[in-house]
Structure formats: structure tokens, C-alpha cells
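Given next are the chains, with one letter for each unit.
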2 protein chains.
Amino acid sequence: MSDTENSKKIIEPSILSGFIELLPREQVAFNKMKDIIRDTYESYGFIPIDTPVLEKSEILLAKSGGETEKQIYRFQKGDTDMAMRFDLTVPLARFVAQHAGELAFPFKRYHIGKVYRGERPQKGRFREFYQCDIDIIGNGSLSINNDAEIVSVINSVFKKLDFGAFTIMINNRKVLNGFFESVGVTDKTEVMRIIDKIDKIGRENVAEELIKTGLSETNVEKILDFITIEGSAVEVVEKLKSLTMDNEEFKTGVTELEEVTKYIKAYNVEESSFAINLKIARGLDYYTGTVYETVLNDYPQLGSICSGGRYDNLASNYTKQSLPGVGISIGLSRLFYQLSAAGILKEADTSTTSKILLVPMDGTLEYTLKSASLLREAGINTEVYLNSGKMGKKFAYADKLGIKFVSVIGEDEIARNVLSIKDMKSGEQKDYSISEAVELLKN
Amino acid sequence: MSDTENSKKIIEPSILSGFIELLPREQVAFNKMKDIIRDTYESYGFIPIDTPVLEKSEILLAKSGGETEKQIYRFQKGDTDMAMRFDLTVPLARFVAQHAGELAFPFKRYHIGKVYRGERPQKGRFREFYQCDIDIIGNGSLSINNDAEIVSVINSVFKKLDFGAFTIMINNRKVLNGFFESVGVTDKTEVMRIIDKIDKIGRENVAEELIKTGLSETNVEKILDFITIEGSAVEVVEKLKSLTMDNEEFKTGVTELEEVTKYIKAYNVEESSFAINLKIARGLDYYTGTVYETVLNDYPQLGSICSGGRYDNLASNYTKQSLPGVGISIGLSRLFYQLSAAGILKEADTSTTSKILLVPMDGTLEYTLKSASLLREAGINTEVYLNSGKMGKKFAYADKLGIKFVSVIGEDEIARNVLSIKDMKSGEQKDYSISEAVELLKN
């Protein structure tokens, strides 16, 4: 190394506060989750889109809100005022409004991508994170069946992700709105906030707080009876229908809930994975019908890991066209972090997608490379150790990768035309023809 | 629609100048290419990483250059000076320097992600574009075999992408440096620039320009003889060896070229897909050994579609550790645009990954959804048309998606327990059991 290089200033390698990156072992596990979500979305006919991360600020901030304006990464370059997207919904709205003439409706799109929020750093919250969204957008109208399909997609995703039992909970904003109206609630946000504490502070304390908001005792009782309705989805619908409420919005909402419940049965979603939860509201000024939350039964502390709902109009900031839709989002980075922290994610035992490492001895490179090609052609990810060094170093490399099988190839293997494959876990070693090796490694 | 909504200000939906986004039909084709590249990278044992798009400016600009500083998207948020990455190499260098203790070396990583350059907008150049990179990083040393493996990866990628015949061209910077030194070239950049024009302006004009740089006639002749060496890789190596050059760097370079050529043969790369091209230099102050360019034989005007090389030290700005490496990059967004513009990309005939659209008639939703589940479980992406409307509208939707098969499900199909599947291209319609349908749709 020259003197100049020795005296070169070294910049401490680090990333921005609040950002994360994964080491290979975690990244491989993360990508597996991402692939399952993508494959499941595609299996239902959702179409990929991939909009720019940077958009015009006027587009992203069309529906401005205090938090968004504070958190958004916004800057000027030349004369242009631009910003990094903070979710995938606003870009979807802009995309559909811009390209409506070229899309097939209902437009079923998925989008898996990074979004950016300059939040105060805190555990499990990141400033760059993946969202995995699906939405079904109608042109003018959209059948309620789609609300049921969304539940089926969530069900398929979490069955395949295999983190144990989960419950997909739905509610309907029309039911909530109609009910609240008929019992005289004016500040819905405040009432929802109080109601939400019932599991923590109990019925009586909630009642006390509700009365302080100015509601009559009768109405408080009605609210409490309403939000504690329990039972299977079908039973809840029946109880709601039996309430004598003279409110059209409420009635429409109950009918929608009933239909969604009926269709969900047709999708073969297990009854134990699905419930109506009348305490769910989600974004109060955005959703207008069905709303969704999903919890892992054994880890309620994670909160909802997949949420969304039905909205009347996706893109009213960008077009006069009526575009009703329904969709959900999985906050994958956060979910991954939470699952790891809670010990639910079986730690990936490998930091590579390779199934086998071939290690050539002197003079066997050609045979080794040929064997590697044959394995790859059969769909087996195959790595060849190409560097010189002692055997111990090569096996240390295999161990560090966590690769399951290693085959050292000497003259002897060539003479017998086999691969001698060692199972790194059991230590067992056996000879395999290429086709036998493919069989072994496919599983 | 209320009055307020009617009078609501509509913001024209559009994206930033110099950015692109694809419509579904193009996006599906783009994703197929991206998947092929990813799968091929993984098949050779490359490991995924996914670093933040935003990094500290001091990290990204450690090795600052005029163009980079001008083009980079850099801004302040709070006290933090941050910027969007302009390539995947600088983040790789930072990543390896930061996590060296936790990585297995040689570290074979791939990274497919978006990068950002505020270039002057021009045809086929985008301010946000995908790069698909692989690099193999050694800890202290890295065998020359790896330089050959890179050629094998490029070969596999472009065979699978199937854009017709291609040539992977390599050269060696030591050969160039040693040769230039021994013929008295001081301004290598200028000489390379002149040499590069030989196919356009001819040998004599190049000679004239070279003499103007102050080189002797004898040396200009030597240069011209050198850069016009032709033949198979083996022949070029032999001709280089026959040159009587008393220069150690040159000799080392020729030996490296010879070894790489030998190993490439072992990888079974067709001779027609591979050549030594002594005019290739690539980034003059970065690469130190093998350099790569790749061209489509029938579309030379596209220039190099996959380039890279060997470097002595990946991360000298962030660590004193010696990290030699070799790698290449495919500029996927640009390549996709060029292939489309040149008409090479067979236009994707579908804008969905769904294989079939099931259309329930009145009263058959349950059977339809059950059939869809069975198809999905067999790995067939299956869409169900869930909205009401006339049959014409439903088939128009199928046409717009470009979906290949449609099955309308009535009472009759339920009675016979079949799917009646229509081939949308041939118009042919036949009955299939679920397992027969799986067979049909798998191909």
C-alpha cells in the first residue's frame, strides 16, 4: 500500500439514523416473505405496478395533513419541488387518474415497494420501509364481492407465511356511522378513542368517560351493548339486524357486512380465522365501508399486521372520475422486525439461496464446473468455491453461509462419475449421480 | 356528488420530468426480465442485499466527482445532510466495510434496485432507473477464476433473456496500461478516445490524430497493430504473447487474459459468444484488471448492455481492509427501453400474470370460487370476475387484460363438474376437469 493510501482519510461506514438494512441471513428470510406475498397477490390476478419513488410535491401533498407535511422528505432540485412517497396509495391514485383510459377495470393492482417517513426514530419504526399493497379499483362502481376477496387474499397470505393462528377482523364504517348518528354521537373520533380502551380499562370506566363527552346514560348503554356484541360473524350480523335502528346508513352497512360474510364462506376461509369486530374503525375520514384488521392470535401485542378498507373515491384530487376501491396493506419491514423481536420468525438457517457448494480439488475444475451447470439447468442454485486455500477455510466458508450440502470433488469422484455430497448437519456423506443429486437438493 | 366535491381543485396527474413508469403490459414484461436476472444471479450463489436508497451525503460523495455532485439528489432534513444513491457500488463498498466481520468471504452479492441521477433528460436516459449488479469481493485476495465466472453469469443471463446472439467482450487493464507505457503514451484517456473512433473514421485518420498527440510514427504504428489484433480469444492471447514487450504489467495482464480465457472454456461458454476486444477500457481510474462489455450482435447501436470489471480495492474510502473484487452491472431500465424502441422485445401479449379468468353466472359463485382455489393451489394464477354486468363487458375486460383463457361457469358446468374453457386466441372451447385444466394452464 502506498503512503498516500495509508494516509487517506477513512470515513466511518454507517447508515442514516432511523434506517435499517439486513445482513444476508435476515435478507434471505425477508425476501422469502416478500416472495410469498407477491406470489399470493399474483395468484388472485393482481397486476404489478412500480411508480417512481420521487414525485411532484403538489401531487403527494394534494391531500395535505399535518403529520405528512412534517414527515415527508421534500426538496428542491433546480426549479422542481419534489418529494419521496410516504405511502403507495397516493401514487396509486395519481397513476389510475393519469392512465385510466389505458387500464382494464376493475383495476386489480399490487405494489410492493419502499416508502419514506421522517418519523421520530423509535423501536420497530423505520424511516424507509416496505409496504405490500393490493387494491381493486372500480370505474364508477365495484361489487361488494371484492370486499370478500380481499379477506380471502389476506387468509392465503398468512396461511402461507405460517406464523400460527390469525384472525382477520372486519367491520363496516356505515354501521359505525349510522349507529353513532342514531345515538347522538357528534365527536366520533373521541368516542372511538374511548371505546378502544374497553379491553384495558373495563366497561364501567369506559361508560364514565363516555358520559363526560355529554352522551346520555341510555345512549352510553346502547353504545356499550353495541360494541360488546360477540359471536361468530353470522351471529353478530343477526344481532345487528335485531337492533331496532331507524337509520338508513346503519341498515346499508349491516346488509354489506352480511353479504361480505356470506361470500367469505364461499371462499372457504376457516370460521376461526375470521370475525366481525365492531370496535374497528381505521382512518376515519378515508374509509367508507368494509374495514379490515388482522392479528396473530398468540401475539396480540403486535397490533394489526394487515389493514385496509373500502373507500368511495380513490383519486378525487386528480380526476372527477368516480373510482371506488377496496384494498389492504402489509407493512412488511415493521412486521419482519416485530416477528424477529418476538421470536416468531424461525431464524433462517442459511444466508444464501444456494442449495450446495461444490469445492474443486487441483485439476478438477472442469468437471466441477460441468456438474454445476447441470445442477443449475435442473433448477438447483449451485455455488462453486473458486478460491485457493486450505480445506478448513473452505468448510468454514460453507459453515458461515449455512449451506446445507457440500461436495468436494477430487480425481476419485471424476473416475466414478459421481458427486460425493456431505450433509453439513448430520455429517453423513454419500455418492450421488447428478440426477440423484437433483432429487436430493430439490427437497 | 356534492357541490364542494364538484368545485374541488383537480391537480393534473403527472410524474416528474425525466422519470418513467410502465403500464401493466410493459410492467409484466419488465418484471419477467428482472426475475430472469435475479434467478440467474441466485443460481450461481449470489446473495441478495437491499441497502437504503437514502444515505449520508458524506458516504455517497466520499469519492466525489464533478458529474456525480451535479447529478445527485441531495438535501437536508433537520440537521442531516442526505442523498439518494446514484449507483449500487458505493452502497456496496459502505456495506462491506461496515459489516465485514459478519460476512462470509468471498462475498458474492447481487443487488437489484433503483438508483437516481438528475441528468439532463434525453431519450432513453432516466433519472430513476434499475441497476442489476453482481460483485464478488475477496478479503485480501480473490482468485482470477472469479473473473471467468462473471462471464459465465453474463452468458447465462443473456441466453435466458433470449434477445438473439450476443458477444461478451473482455479486455485487461494491465495489458492496456503496460502497453501504453511501453509505447510512451502519457495521456491514456485521450489516446483511448481517439482509438475508439477507428471503426468510424478508419486507421489512417486515427493515425493522424495520434501523431498530433506527440507520439512517434513507430509508436503509432505499434498502437494501431495492437488494437487491430483479431481472432478467437485463444488466438488473440497468442498474438499478445508473441509481442516482444519488456513490461511487467503487460505480461501480468496477458497471463490474466490467458487464464480467464482458459476458465471460460471450462464454463462451456460458446466460443461465438465470447471475444477479447483490446479497445475496451471502461472507467479509467477504477478498474485494474479484467474489464467486460456485452453487445447484441444484431443491434450494435445499443452499445454495451452489461459492463464491469475487476478492481483492486472496493472500499478504500471506508476501511483500510484490502477488498479486491470483480463485478458487472446491467442497466435494466435503459435496456428495457432500448429493446422496446428497437423492436427486439416481443411485445408482451398480456398485462397480467393470471392464466385464466373465471366468470360466474348467477348462482355459481360458490362453485367458481372453489374451482379458483383448486387452480391456485396447483400453482395457477387465477382471476375471478366478481362484478355484475353484461357478458360483453366481461369479455372486453378479458381482452383488455390479454388473458389467454376464459371460463364462463353456469349451472350446466356445475352439473357436469367441469370447467368449459375458451382459448381466447383460437376461439376454441372445450370441457376440462380441474386436473386437465391445470395441465392446460401450466404450459
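Described in the following lines is the structure provided in the data block. (Residues numbered from 1 in each chain as written. Chains lettered and ligands numbered in written order. Predicted model: local features only at pLDDT ≥ 70, side-chain atom pairs only at ≥ 80, totals over all residues. Heavy atoms only, no water.)

### Digging into the sheet that holds strand β9 (residues 290–296) of chain B
With mixed pairing, eight strands are arranged side by side in an open sheet as β1-β5-β6-β11-β10-β9-β7-β8 (chain B). Two strands in the sheet have a free side with no partner beyond their single neighbour: β1 (47–48) and β8 (274–276) of chain B. (Pairing = 2+ DSSP bridges. Helix = DSSP H or I, 4+ residues; strand = E, 2+ residues; numbered from the N terminus.)

### Considerations on the packing of helix α7 (residues 173–182) of chain A against helix α8 (residues 188–195) of chain A
All names here are of chain A. The interhelical angle for the contact between α7 and α8, taken along N-to-C directions, is 105°, at an axis separation of 12 Å. Classified by the interaxial angle, the pair formed by α7 and α8 is roughly perpendicular. Contacts between α7 and α8 involve Leu176, Asn177 and Phe180 from the first element and Lys188, Val191, Met192 and Ile195 from the second. Split by residue class, the contact of α7 with α8 holds five nonpolar, one polar and one charged. (Axes fitted to C-alpha atoms, helices over the stretch in contact; angles between N-to-C directions. Parallel < 35°, antiparallel > 145°, perpendicular 65-115°, else oblique. Contact = heavy atoms within 4.5 Å. Nonpolar A, V, L, I, M, F, W, Y, C, P; charged D, E, K, R; others polar.)

### Brief notes about the relation of the copies chain B and chain A
Between chain B and chain A, the superposition needs a rotation of 180° and an axial shift of 0.0 Å, giving an RMSD of 0.0 Å. Overall, the copies show the geometry of a two-fold rotation axis. No C-alpha of chain B approaches the rotation axis more nearly than that of B:Phe75, which lies at 3.2 Å. Same-surface contact between copies: 100% of interface residues of chain B are shared with the interface of chain A. (Least-squares fit on C-alpha atoms with pLDDT ≥ 70 in both.)

### Regarding the packing of helix α6 (residues 145–161) of chain B against helix α12 (residues 248–266) of chain B
Residue and element names in this part refer to chain B. As a packed pair, α6 and α12 sit with axes 8 Å apart at the nearest point and diverge in direction by 50°. Overall, the two elements α6 and α12 adopt an arrangement that is oblique. Crossing hand, α6 versus α12: right-handed. On the side of α6, the interface is formed by Asn145, Asp147, Ala148 and Val151, while α12 contributes Val260, Tyr263 and Ile264. Along the lines of polarity and charge, the residues of the contact of α6 with α12 split into five nonpolar, one polar and one charged. (Left-handed = near helix turned anticlockwise from the far one by under 90°.)

### Regarding the packing of aromatic side chains
Applying the stated criterion across every chain yields a total of 29 aromatic pairs over all chains. For the pair A:Tyr286 and A:Tyr311, a centre-to-centre distance of 5.2 Å together with 20° between the ring planes defines the contact as stacked. With A:Tyr286 in the loop between β8 (274–276) and β9 (290–296) and A:Tyr311 in strand β10 (residues 307–311), the pair connects residues that are 25 residues apart, well separated along the chain. Between B:Tyr385 and B:Tyr397, the ring centres sit 5.2 Å apart and the planes meet at 70°, which makes this aromatic pair edge-to-face. With B:Tyr385 in the loop between β13 (382–384) and α15 (391–401) and B:Tyr397 in helix α15, the pair connects residues that are twelve residues apart, well separated along the chain. Judged on exposure class, the residue B:Tyr385 and its partner B:Tyr397 are both buried. Members of the aromatic cluster, joined through ring pairs, are A:Phe19, A:Tyr73, A:Phe75, B:Phe19, B:Tyr73 and B:Phe75. (Phe/Tyr/Trp six-rings, centres within 6.5 Å; stacked < 30°, edge-to-face > 60°. Buried < 20%, exposed > 50% of the residue type's maximum accessible area, 1.4 Å probe, protein only.)

### Thoughts on the pairing of strand β12 (residues 356–360) of chain B
Residue and element names in this part refer to chain B. Burial analysis of β12 places five of its five residues in the buried class, the great majority of the element. Burial along β12 is two-sided: Ile356, Leu358 and Pro360 facing one way and Leu357 and Val359 facing the other are all buried. Direction of pairing for β12 relative to β13: parallel, over a ladder of three bridges. Within β13, the position partnered with Leu357 by the bridge is Glu383. Following the chain from β12 across helix α14 (residues 365–377) to the adjacent parallel β13, one finds a crossover that is right-handed. Bridge count for β12 against strand β14 (residues 405–409) is five bridges, and the pairing is parallel. Across the sheet, Ile356 pairs through a bridge with Phe405, a residue of β14. (Right-handed = clockwise from strand over helix to strand, strands pointing away.)

### A few points about the interface of chain B and chain A
Contacts between the two partners involve 103 residues from chain B and, on the opposite side, 103 residues from chain A. Of the roughly 8900 Å² buried between chain B and chain A on both sides combined, carbon and sulfur atoms contribute 58%. With a closest N to O distance of 2.6 Å, B:Glu21 and A:Arg94 form a salt bridge. One can count 42 residue pairs in polar contact (both at pLDDT 80 or more) joining chain B with chain A. It is helix α2 (residues 24–43) of chain B that provides the largest number of residues to the side of chain B that touches chain A, a total of nine residues. A per-class count over the side of chain B that touches chain A returns 49 nonpolar, 28 polar and 26 charged. (Buried area = accessible area lost by both parts, 1.4 Å probe. Salt bridge = Lys/Arg side-chain N within 4 Å of Asp/Glu carboxyl O. Polar contact = N/O pair within 3.5 Å; in protein donor to acceptor, adjacent residues only side chain to side chain.)

### Remarks on empty space enclosed by the protein
Evaluation of the coordinates by the stated rule reveals seven cavities of 30 Å³ or more. Taken as a whole, the largest cavity encloses approximately 750 Å³ of empty space. Surrounding the largest cavity, 34 residues form its lining, A:Lys34, A:Tyr130, B:Lys34, B:Ile112 and B:Tyr130 being those nearest its centre. Of all the elements in the fold, those that place two or more residues in the lining of the largest cavity are α2 (24–43) and β5 (107–116) of chain A together with α2 and β5 (107–116) of chain B. Its residues assigned to classes, the lining of the largest cavity shows 14 nonpolar, eight polar and twelve charged. (1 Å grid on protein atoms, 1.4 Å probe; cavity = no way out; pocket = protein on both sides within 12 Å on 5 of 7 lines; lining within 4 Å. Points joined across faces, edges and corners; volume = space filled by probe spheres on them.)

### Some details on the pattern of salt bridges
As enumerated under the stated definition, the model contains 50 salt bridges over all chains in all. The closest approach of N and O atoms between A:Arg282 and A:Glu293, which form a salt bridge, is 2.9 Å. Here A:Arg282 is found in the loop between β8 and β9, whereas its partner A:Glu293 is found in strand β9, with eleven residues between them in sequence. Take A:Glu293: its relative accessible area is 17%, and that puts it in the buried class. Note that B:Lys108 and B:Glu149 form a salt bridge whose closest N and O atoms lie 2.8 Å from each other. Of this pair, B:Lys108 sits in strand β5 while B:Glu149 sits in helix α6, and the two are 41 residues apart along the sequence. An identical accessibility class is assigned to B:Lys108 and B:Glu149; each is buried. Here the residues in one salt-bridge network are A:Asp412, A:Glu413, A:Arg416 and A:Asp431, joined through shared partners.

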